[in-house]
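What follows is each chain in one-letter form.
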Protein chains: 4
Amino acid sequence: MSTNKIKHIGVFTSGGDSPGMNAALYAITKFAEVNDIKVSGFRKGYEGLIDGDLVPLKSHELQKITQKGGTILKTARSKRFLELEGRKKALQTLKANNIDALIAIGGDGTFKGLLAFSEICDIPFIGIPGTIDNDISGTDYTLGFDSAVNTAIENIDKIKDTAESHNRVFIVEVMGRDSGYIAIHSGLVVGADAVLIPESGKDFIYLLSKIKDYESEDAFLVVVSEGDEIGAELVASKVKEINPSLDLRITKLGHVQRGGNPSALDRMLGIRLGVAAVKTILQGKKNEMVGILNNQLHLTSFKEVVKQHQVNDELMELLELFGK
Amino acid sequence: MSTNKIKHIGVFTSGGDSPGMNAALYAITKFAEVNDIKVSGFRKGYEGLIDGDLVPLKSHELQKITQKGGTILKTARSKRFLELEGRKKALQTLKANNIDALIAIGGDGTFKGLLAFSEICDIPFIGIPGTIDNDISGTDYTLGFDSAVNTAIENIDKIKDTAESHNRVFIVEVMGRDSGYIAIHSGLVVGADAVLIPESGKDFIYLLSKIKDYESEDAFLVVVSEGDEIGAELVASKVKEINPSLDLRITKLGHVQRGGNPSALDRMLGIRLGVAAVKTILQGKKNEMVGILNNQLHLTSFKEVVKQHQVNDELMELLELFGK
Amino acid sequence: MSTNKIKHIGVFTSGGDSPGMNAALYAITKFAEVNDIKVSGFRKGYEGLIDGDLVPLKSHELQKITQKGGTILKTARSKRFLELEGRKKALQTLKANNIDALIAIGGDGTFKGLLAFSEICDIPFIGIPGTIDNDISGTDYTLGFDSAVNTAIENIDKIKDTAESHNRVFIVEVMGRDSGYIAIHSGLVVGADAVLIPESGKDFIYLLSKIKDYESEDAFLVVVSEGDEIGAELVASKVKEINPSLDLRITKLGHVQRGGNPSALDRMLGIRLGVAAVKTILQGKKNEMVGILNNQLHLTSFKEVVKQHQVNDELMELLELFGK
Amino acid sequence: MSTNKIKHIGVFTSGGDSPGMNAALYAITKFAEVNDIKVSGFRKGYEGLIDGDLVPLKSHELQKITQKGGTILKTARSKRFLELEGRKKALQTLKANNIDALIAIGGDGTFKGLLAFSEICDIPFIGIPGTIDNDISGTDYTLGFDSAVNTAIENIDKIKDTAESHNRVFIVEVMGRDSGYIAIHSGLVVGADAVLIPESGKDFIYLLSKIKDYESEDAFLVVVSEGDEIGAELVASKVKEINPSLDLRITKLGHVQRGGNPSALDRMLGIRLGVAAVKTILQGKKNEMVGILNNQLHLTSFKEVVKQHQVNDELMELLELFGK
């Protein structure tokens, strides 16, 4: 398809919502309008594609809500789109509305869905990585991660006030599914005494060694990632085995990390990736995720996007260092 | 004891910490200094009285930390002070340091301790109500309550972003022990669909009625108080009985509500009550808690201070109204 | 007019906007709906009344924006309503839309407008005091004041960080027109070295005395109210006369104090006053402003509402004390 | 000097303070301690070096204040250090205290001072770029920039509330001296209608063209950088020439942008650069500034560090695009 045929772009948000998605919608729409392209937003992720639930987007209105958390298009996980039947209905929707290209903001599951869809639909699909977990290859930051970390540290700062007032042990659980990014980025910078992430099995040992010597003349703060083999309760039970008399408290920050006004970095990331997504379409490309890698725009083919659990070496070294 | 003999006031924080305690310490010290009285702070509540662990306080330094959450004097619950032996040691500390009067910032348990102490010590004791739960009679606001509610609503606002993006049911648990003040003050003002507090048994019924009709075309937000007969898990289990297919999430805000920079109201309350405490001593009174009732300074004898669970009629009426 | 004829209430916001107005709109609409009354909102204050620019309000939608600063109805100052001609057009709008009662959220000027309007229109008018300046008689708090003070102190806290890092003199100007409420409520609680308000002429003298002795081994923070005979520049020029070598900085917080998410107190105040306004209409009253005085609902006739500049005695005493 | 002789590192903060400096002090001290190196902090920048005003730093204490804005070491500009006489005194201080290496956190002026100092002192000097202006070559981010931008956007978001309530034109001035980074990073992401920076002379023209057509049926937001040839007043005067009847307001955010708790990014940057600074010393290097360029640690010789005014091409393109 030649790029001069692009008259109408569809966009949707899918998977977990994350702060900055609305800023990306603003940028997509603004840049499209400048290029005489109209933009429609599908509601509730793939569900809106299947059901033909779409709304026209105007940059003039989106400009007012760049600071709004969540996604005004709503998001959902779609079982129907996993079936060929669902994808065929989505194709009909695109044809019926003369959609020439499609931009999806979501995680690796979202891009896998587009890849399956591309077997029956040949318009360009472009992805923007949006998830607070920062667990997608091909970009240094995913949309929403920086906001989630800022929310985490603001809340952990509050917990430190009360922990230090009581000389208590606090175990704070942050999000991240199987990735330790939020834990390490929040735990290190709040001055935690221990940071436990899925990537690092030996952490338990050093924590337990530290907590054994702990004299309770000060607060002791543990930041731990959620996860099957980790998480606040598990850590608490191990700590209590070592030192049953500790005055220990647990707080799981939970879904507050998903919401709130996006940080400056996430809003700018949304704007940069939104513009890049439209540009990439205009360059005639398809089935690519736009990302920022080492400060440069970077494209990753949907086939190569993988879920990335591992934090980098520098962070692992810092983690080890600050745990001493 | 004639008031012109007051040369040295002791102060301590006890029970749970709450935002605004440091602002109160500033005001106590500033007003004492203006009256040529020196102030010493006992660390870790009654423990510091027993152990003679005290530090001189200077308003010039406290002035810099009015915005700091928690208490720089630290706080603790003291088992030893429950024993006569402990109180006798505390008396020795007061005598050894020439303390002429004592101000305690804490909850009803703290004041009960002072009452017991007054049987063997006849210097003036004055209390300042400090707890985020707002469950003390004789004052409209306790120190820290307004900050805790503001922390709660800022976090619930974030949860609303993600709840609305997914059309999910969220059950958010706030603090309050057996009091529903935080739940009602935060739940009503964030526009919750239901607010459940210990004081109101019938709430479950109306919630379950609403949730039965819930069509999941929008978010549904429940704010619930912690407590033995209430709390997020209990509510969630009842909701799931009614409607097992709901996409339901729980967040327990936890100890973040105890910390953080105090709100404007709490800092001003700390200043007003801190000055009032010293004034009350200078007026020759003892065994009184200072509070603000209907916008006026109000004294309540320690004997009459009770734990107050019941929210007032106007709030109960609002609760019922907004649950419709 | 008998109350059982109230089927349709009109509401508008007028004068300066203030945080909490949207929460009040939510409460008005919710309580009206429960009483089978519909609500319409006039846009841009009196301008919307004159031009017949109104929108239906639904509590289900307003529930989602209780946290939003400003006013979704927009506000304006209306020259046309000062003329009889304008008020006659407004009357036609009310009749054409079958409006049975009118609620205005605004300041003393707004209520004066309603009083003039009542000469030609006999439906009930009820006012809700909304202004960040807290300068209206008949209520302890005006809607928006607590939010403005919280915004002021959060920003002054930031300025303290840099002031203390440099041992600088900072003069921070806050809003308040001719009232010193914001200055005193923010200045005292951030631990300012001097707080200057219009009500207190002698403040200059004590400030200049303090600043003369100032050795620049620490930060020195002045919080000053805006105003013709006061304000940051005037204070700065006087300070420089006394001590020309001082490293002095000025920051005027400005309109940031008008916006932002309302505080917990302001949202609850909006809800309480919103419900009270509708109740007052249902009780058959008219030309009254609803307020909260000493924690109780209080009505003040529009004729008796006055602009109140004077801070109360307790605050003046605190101001003097903490300036020592 | 062989690195195994490093037993004692001195550190100081110089020039304007910026959020994240305390986190950097924590990291420097922690990593030094792990390597059996003690750390002393000089107070008030070069003044402390000259006067021998130093304090021992302990990571255990610094861990508690990673969230604190400003610098606990205080900072100052030093005229005395510009003279050889002053530098000789500083040399004596270093010798008297057995300082083996020196780390400075500051701007390009700070590093120029170190370069001059290196002529008479041959211990290793390492620099960390700390300034909110982001105007230093050799690093993508300077310490404090991300926090300043976040403070700016939080305040501009508040201003938007009131601007939209009144359909007013607002001109908001942000910091940046001769650099437009804060303006562009804050203005773009809040959805400003125009962003004016020193780097872009033609902006005035497009602004004036837009404002000419402005019908005042909405808010109009301009974000402008401070500077001699720019700034809010100048812009306001030009706008008023074009359209004298506009309801226009100015807010200069001022020094609030310098303070406040550092953002997550700035705390992590402080930690990464703090560790890198000590590592660089241990590698036997000297007279280098550590930075993060394209996500990698990058060293720039003090001689090559320059003040960088120019925003990059991608940002300039975005600026032009979103101004359309």
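Every residue gets a number counted from 1 within its own chain, in the order that chain's sequence is written. Here every chain gets a letter starting at A, and every ligand a number starting at 1, in the order they are written. Only residues with pLDDT of 70 or above have their local features reported here, since the model is predicted, and side-chain atom pairs are shown and tallied only from 80 upward, although totals for entire chains, interfaces and linings are computed over all residues. Hydrogens and waters are ignored; side-chain quantities use all the structure's heavy atoms.

Chain A goes by 6-phosphofructokinase in an unreviewed UniProt entry, where it is assigned to Flaviramulus basaltis. Recorded in UniProt for chain A, the comment headed Subcellular location (unreviewed entry) runs: "Cytoplasm". UniProt positions are given in the numbering used here, feature names are shortened, and annotations may be inferred rather than shown by experiment.

(A) Spatial organisation of the packing of helix H6 (residues 145–166) of chain A against helix H10 (residues 264–282) of chain D. Structural elements are reduced to axes, namely lines fitted to C-alpha atoms, with helices fitted over the stretch in contact, and the angle between N-to-C directions of any two is expressed from 0 to 180 degrees. Only DSSP runs of H or I with at least four residues qualify as helices, and only runs of E with at least two residues qualify as strands; both kinds are numbered from the N terminus onward. Where H6(A) meets H10(D), the closest approach of the two axes is 9 Å, and the angle between their N-to-C directions is 85 degrees. Comparing the axis directions of H6(A) and H10(D) gives the class roughly perpendicular. Contacts from Asp146(A), Val149(A), Asn150(A), Ile153(A) and Asp157(A) of H6(A) reach H10(D) at Ala264(D), Leu265(D) and Arg267(D). In these notes the angle categories are as follows: under 35 degrees is roughly parallel, over 145 is roughly antiparallel, 65 to 115 is roughly perpendicular, and the rest is oblique. Residue contacts follow a heavy-atom distance rule, with two residues in contact if any of their heavy atoms lie within 4.5 Å.

(B) View of the sheet that holds strand E6 (residues 169–174) of chain A. Residues and elements named next belong to chain A. Only when DSSP finds a minimum of two bridges between them are two strands counted as paired. Taken in spatial order, the four strands make up an open sheet running E7-E8-E6-E9, and their pairing is parallel. Strands at the two margins of the open sheet, each flanked by one partner only, are strand E7 (194–196) and strand E9 (248–252). Sheet twist, expressed as the mean angle between neighbouring strand axes with direction ignored, is 15 degrees. Two strands pair when backbone bridges link them, and E7 and strand E8 (residues 220–225) are joined in this way by three bridges, in the parallel orientation. Paired with Ala194 across the strands is Val222, a residue of E8. Of the strands in this sheet, E6, E8 and E9 are in contact with H6, which crosses E6 at around 170 degrees.

(C) Seen up close, the interface of chain D and chain A. Chain D puts 49 residues into the contact, and the matching count from chain A is 49 residues. We define buried area as the total accessible area lost by two parts upon association, computed with a 1.4 Å probe and summed across both. Carbon and sulfur atoms supply 54% of the area buried between chain D and chain A, which totals about 4,000 Å² over both sides. It is Val189(D), Met268(D) and Phe322(D) in chain D that bury the most area against chain A; as a group they hold 15% of the surface buried on that side. The salt bridge definition used is simple: a Lys or Arg side-chain nitrogen within 4 Å of an Asp or Glu carboxyl oxygen. Taken together, the connections running from chain D to chain A amount to eight salt bridges. The definition of a polar contact used here is a pair of N or O atoms within 3.5 Å, where within protein one atom must be able to donate a hydrogen and the other to accept one, and adjacent residues in sequence count solely through side-chain atom pairs. Our count for the chain D to chain A interface comes out at 24 residue pairs in polar contact (both at pLDDT 80 or more). Breaking the side of chain D that touches chain A down by element, the ones donating at least two residues are helix H1 (21–34), helix H6 (145–166), helix H7 (181–187), H10 and helix H11 (313–322) of chain D.

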